Amino acid sequence: LLLPIALNTPARLLPLFVVLSLEVLFAGVCFLAFPMQEIFPPRDGEAGKTVMFFVADSLNLRYNDLPSLHVALSLTSAIALSQQGRTWGRWFYVTWGLLITVSSVLMHEHHIADVATGSLLALAGMYILYPRVSTPDFVRAARLEYICLVQFSLFIRRHRRYLVIAALLYSHSLLRWRRTRVLRTGFCLLQAIDDLLDGDRLSVTDPRLVAEDIARQLETGQFATDRLSVLAEALAEDLHALRNESDDPVAQVVALIRHMAIDRERVEQGLIFDADRLRRHHRTTFVHSLNLLLIAAGASTRAADVPELVEAFGWCSTVRDLEEDLQHGLINIPADVVEAARRDGASLEDARGFVSAAAVRGWFEAELRRADSLLNAHAQRSVASDDPA
C-alpha cells in the first residue's frame, strides 16, 4: 500500500509493477509444476480466528507454497521502498521485509524451502530484472503499448470487426514485436484520427485542428506528450528508418491525415460528391494507406502496382459504414443517386430509410458487381508470387 505513495509517478511505479507481475507468473508456473502441501498441523489458538487470517486463508489456494509469494512480494516491495529513503529508512524497510520472511516460518505458514525460494525470487526480480525494466526506453515502450491497447479498446467498442483486426495484428507481432511496432502505432494513430474526423469519436477540440496538429508535429519532429502525439512520435521514428530514395513514408502519413480531413469538411458543409470525385477521394486515401502498409511490411510492391486493390478498398470504405456515416452527415453516395432517392421521397435525415430507397439499392448492387470485377482482376496479377512480403 505504500508503493503508490513512495513511487508516485507511473514511470517509477510501472517497472515495479512489471517485476511483481512476472514474479506472480513465475510462481504460478511453479505451483503447477511442484504442488507442495504443508505438513504443519492446523493452526490452533486465537490468532487463527482473527479477521486478517480469515481473509488470507479464504484467498489462498492449496499447494501454492513453493516459492512463497507472501515472501517474494513483501521482500520485493521492501527492497523497492528501501531504495527511496535515507539510511535509516533503508534499514527500516529491509528489517521489515526480513521480519515478514522469518514470521512466515515461525507462524507455520511456510517451510524454509518456500521462504528461501521466495527470497531468491525477490532478489532476482529486484537486482536482475528491475534494472532492465526501469530504463527510460522500457518505460516509454510500455506506455506506447498501453496507448495502443487503449485505442484498440475504443475501436472494438465501436465495432467488433476491430477485435478481429487486433487479434490478427498482435498474433502477427508476437515473434517480431519491435519490428512490427510500426504497424500497431500506425494503425492506432490513423484510425483514431479517422474516427475523430468522421464523428465516430467525440472531441472537445475541433477534430480538424487535432489532425493538423499531428501532421505539423510529424513535419517538424517536435512532439507533444498527449497520447496521439506519443503514437505519432513512435511512428515517425520507425518510418524514418524505412525511408529511401523513392519512399518518404512520413510525408505520406502527413498527406493522408490532411486528405482525411476533407471528410470533416464534407460533414460540416454538407458536401455531396459526384461519382467520379467520390472515387478519386477514396482512391487517394487508399493509395497513401496501402503504400504505408506495404512499406511497413517490407514489400517492394506499391499501390500503383495493384490499382484494382486500391479501388476495392475504396469501395469497401464506401459501403461498409454507409448507414453509420449517413447518421454523422458523411454522404458516401454519388450526388445523382442522392437526388434520385430524394425524388422518390427518401430523406437523408432517416439513414436507414435512405439506404433502403430503390435508387440507393440499385447503386449498391452496381457497386457490388464492380467490386467483384475489381477483385477478380486483382487475382489475375502475379504480384503476390513476385513479392511474398
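Check the entry above for the structure.
Residues numbered from 1 in each chain as written. Predicted model: local features only at pLDDT ≥ 70, side-chain atom pairs only at ≥ 80, totals over all residues. Heavy atoms only, no water.

Q: Now, about the overall build of the chain: what can you tell me, with residues and values included?
A: Scanning the chain from terminus to terminus reveals 19 helices and zero strands. At 29 Å, the chain has a C-alpha radius of gyration far larger than the 21 Å of a compact globule built from 389 residues. Each principal axis of the C-alpha distribution contributes one length, and for the chain these read about 90 × 50 × 45 Å. Each of the 389 residues in the chain was classed as buried or not, and the buried ones make up 42%. (Helix = DSSP H or I, 4+ residues; strand = E, 2+ residues; numbered from the N terminus. Rg over C-alpha atoms; globule rule 2.2 N^0.38 Å. Buried < 20%, exposed > 50% of the residue type's maximum accessible area, 1.4 Å probe, protein only.)

Q: Which residues make up unusual backbone geometry, and what values go with them?
A: Trans peptide bonds make up the majority, and among non-glycine residues the majority have a negative phi. Backbone torsion omega between leucine 66 and proline 67 reads 0°, so that peptide bond is classified as cis. By the secondary structure assignment, proline 67 is in the loop between α3 (51–59) and α4 (69–82).

Q: Got a sec to walk through the pattern of salt bridges? Specific residues and values, please.
A: Going through the model one piece at a time under the given rule, you end up with 27 salt bridges. With a shortest N-O distance of 3.0 Å, arginine 161 and aspartate 321 are connected by a salt bridge. One end of the pair, arginine 161, is in helix α8 (residues 161–173); the other, aspartate 321, is in the loop between α14 (307–320) and α15 (322–327), and 160 residues separate them in sequence. Judged by its relative accessible area of 10%, aspartate 321 is buried. The residue arginine 320 makes a salt bridge to aspartate 321 at a minimum N-O spacing of 3.3 Å. (Salt bridge = Lys/Arg side-chain N within 4 Å of Asp/Glu carboxyl O.)

These values are about where atoms sit, not about what they do.
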